[in-house]
Amino acid sequence: MYTLRLTTSYAENWRYNIMISLSMRDNEGNQVGYHSTEDSPLPVGSNSDSAPEGWLRRREVALGFEQCHSVRFYVYILPNSLPPTTTLAGFECAFALQVKILRGEEEVFADKLMVNCFGGCGKEYIVTMPTE
């Protein structure tokens, strides 16, 4: 069993909705499975000034999947509430989101995705999985 895990400790990570779409592929590139998940603390367009009650600074979104030859997945980060300023002066304009694939506790893939605070981001990954 594998886990695709996205994590960030960015203080205002609640301003962003995270969606993951993952297709599992055989060695000929045919889709043999599909999984998706969404983590949305607030609806897009909420324009909230504060985090939802009980929100933790460290955020983790995970998606499990089975052994396959490769995976193709998309990560979408959409702002639900923009930062309080429209200028970049004195404000972080990007934050890091760690993207990892784990087999048990073993890390088999890792990337650091930089997310634009004002526009979010989307990225496609294609990862060949290790053989057992």
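Conventions we followed
Residues numbered from 1 in each chain as written. Predicted model: local features only at pLDDT ≥ 70, side-chain atom pairs only at ≥ 80, totals over all residues. Heavy atoms only, no water. Helix = DSSP H or I, 4+ residues; strand = E, 2+ residues; numbered from the N terminus. Buried < 20%, exposed > 50% of the residue type's maximum accessible area, 1.4 Å probe, protein only. Contact = heavy atoms within 4.5 Å. 1 Å grid on protein atoms, 1.4 Å probe; cavity = no way out; pocket = protein on both sides within 12 Å on 5 of 7 lines; lining within 4 Å. Points joined across faces, edges and corners; volume = space filled by probe spheres on them. Nonpolar A, V, L, I, M, F, W, Y, C, P; charged D, E, K, R; others polar. Pairing = 2+ DSSP bridges. Axes fitted to C-alpha atoms, helices over the stretch in contact; angles between N-to-C directions. Patch = residues over 30% accessible without salt bridge, like charges linked within 9 Å, V, L, I, M, F, W, Y side chains within 5 Å. Areas by Shrake-Rupley, 256 points an atom, 1.4 Å probe, with all protein chains shown as cover. Salt bridge = Lys/Arg side-chain N within 4 Å of Asp/Glu carboxyl O.

## A look at the overall build of the protein chain
- In terms of helices and strands, the protein chain carries 0 helices and 8 strands.
- Overall, the protein chain shows an N-to-C arrangement of helices and strands of β-β-β-β-β-β-β-β.
- Overall, the protein chain is about 50 × 25 × 25 Å in size when its C-alpha atoms are taken along their principal axes.
- Counting only residues that meet the buried cut, the protein chain has 38% of its 132 residues in that class.
- Long-range contacts, defined as pairs at least 24 residues apart, comprise 72% of the intrachain contacts of the protein chain with a sequence gap of at least 6.

## Some words on empty space enclosed by the protein
- Here the structure, examined in full by the defined rule, presents 1 cavity of 30 Å³ or more.
- Of the pockets and cavities examined, the largest cavity occupies roughly 40 Å³.
- Taken together, the residues that form the lining of the largest cavity break down as 5 nonpolar, 2 polar and 1 charged.

## Observations concerning the sheet that holds strand E2 (residues 16–25)
- The antiparallel open sheet is built from 4 strands, whose spatial order is E3-E2-E5-E8. The open sheet has two edge strands, strand E3 (31–39) and strand E8 (121–128), and neither has a second partner. Between one strand and the next, the sheet's axes are offset by a mean angle of 10 degrees, whatever the strand orientation.
- For E2 and strand E5 (residues 70–79), the ladder comprises 10 bridges, and the chain directions are antiparallel. Opposite tyrosine 16, over in E5, you have proline 79 as the bridge partner.

## Some details on a nonpolar patch on the surface
- Together, Val44, Tyr76 and Leu78 line one region of the surface with nonpolar side chains, adding up to about 270 Å² of accessible area.
- As for its placement among the helices and strands, leucine 78 is situated in strand E5.

Remember, this is a structural readout, not a statement about activity or role.
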